[in-house]
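Each chain, written out:
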Amino acid sequence: MGIFAVKTTASQERTVADMIINREEPEIHAALAPDSLTSYVMVEAEGNAVLNRVLEDIPHARSIVPGESDISEVEHFLSPKPDVEGIAEGDIVELIAGPFKGEKAQVQRIDEGKDQVTVELYEATVPIPVTVRGDQIRVLDSDER
């Protein structure tokens, strides 16, 4: 059993992964189409013979990259990256969801454990700290850049 990289048409990675899994082949165990990996799908299978057979009928699946991948090469795709990663205190952000959508704010505090950020709204006459989830903000300007 090994992990194989399958070359696909660009932007068709998820479609190819879904079609591979929908075949319900007992020798194919998993298919992974991470957003950060363009034009490739990682497939866990008993061998590349069964994978070659399945890929013949799947559009947008181009070829199997020769050789097997090790689990250490794909495990960083398996753990979700926190939404607050890449955000620093003092960054200028825009709220993209919630009641303050469209407002600009400055990051005051980051709680990585809860994946939350406390920001202070710019246009407010009285500085109000607002705590929002990390996926509700977009960094506009960072001190680290």
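This is a predicted model, so every value here is computed, not measured.

1. Notes on the sheet that holds strand β8 (residues 129–133)
Strands pair in a sheet through their backbones, by hydrogen bonds, and they do so in one of two ways: parallel or antiparallel.
Next up, step 1: Read across the sheet, five strands follow the order β8-β7-β6-β5-β9 without closing on themselves; strand pairing throughout is antiparallel. Two strands bound the open sheet, and with one partner strand each, they are β8 and β9 (137–141). When strand polarity is set aside, the average angle formed by the axes of neighbouring strands in this sheet is 45 degrees.
Next up, step 2: Note that strand β7 (residues 116–121) and β8 share five bridges and pair antiparallel.

2. Quick look at the layout of surface pockets
Next up, step 1: Empty space within the largest pocket amounts to approximately 190 Å³.
Next up, step 2: What lines the largest pocket is simply R14, L32, A33, P34, D35, S36, H76, F77, S79, P80 and K81.

3. What about the nonpolar core?
Next up, step 1: The biggest cluster of nonpolar side chains holds 17 residues, and the ones touching the most others in it are V6, I20, I28, V43, L51, L55 and I58.
Next up, step 2: Apart from the residues lying within four places of it in its own chain, the contact partners of L55 are V6, I20, A61 and I64.
Next up, step 3: One finds V84, I87, A105 and V117 within the second-largest nonpolar core, a separate group that totals 12 residues.

4. Considerations on the UniProt feature "domain: KOW" (unreviewed entry) in the protein chain
Next up, step 1: Under the UniProt annotation, the feature "domain: KOW" (unreviewed entry) is placed at residues 86–113.
Next up, step 2: Along residues 86–113 one finds 0% helix and 43% strand; the C-alpha atoms at either end are 15 Å apart.

5. A short note on the side chain of T8
Next up, step 1: Its location among the elements puts T8 in strand β1 (residues 2–8).
Next up, step 2: The class for T8 is buried, based on a relative accessible area of 3%.

Reading the values: the criteria
Residues numbered from 1 in each chain as written. Predicted model: local features only at pLDDT ≥ 70, side-chain atom pairs only at ≥ 80, totals over all residues. Heavy atoms only, no water. Pairing = 2+ DSSP bridges. Helix = DSSP H or I, 4+ residues; strand = E, 2+ residues; numbered from the N terminus. Axes fitted to C-alpha atoms, helices over the stretch in contact; angles between N-to-C directions. 1 Å grid on protein atoms, 1.4 Å probe; cavity = no way out; pocket = protein on both sides within 12 Å on 5 of 7 lines; lining within 4 Å. Points joined across faces, edges and corners; volume = space filled by probe spheres on them. Core = buried A, V, L, I, M, F, W, Y, C linked by side-chain atoms within 4.5 Å. Buried < 20%, exposed > 50% of the residue type's maximum accessible area, 1.4 Å probe, protein only. Contact = heavy atoms within 4.5 Å. UniProt positions renumbered as here; feature names shortened; annotations may be inferred.

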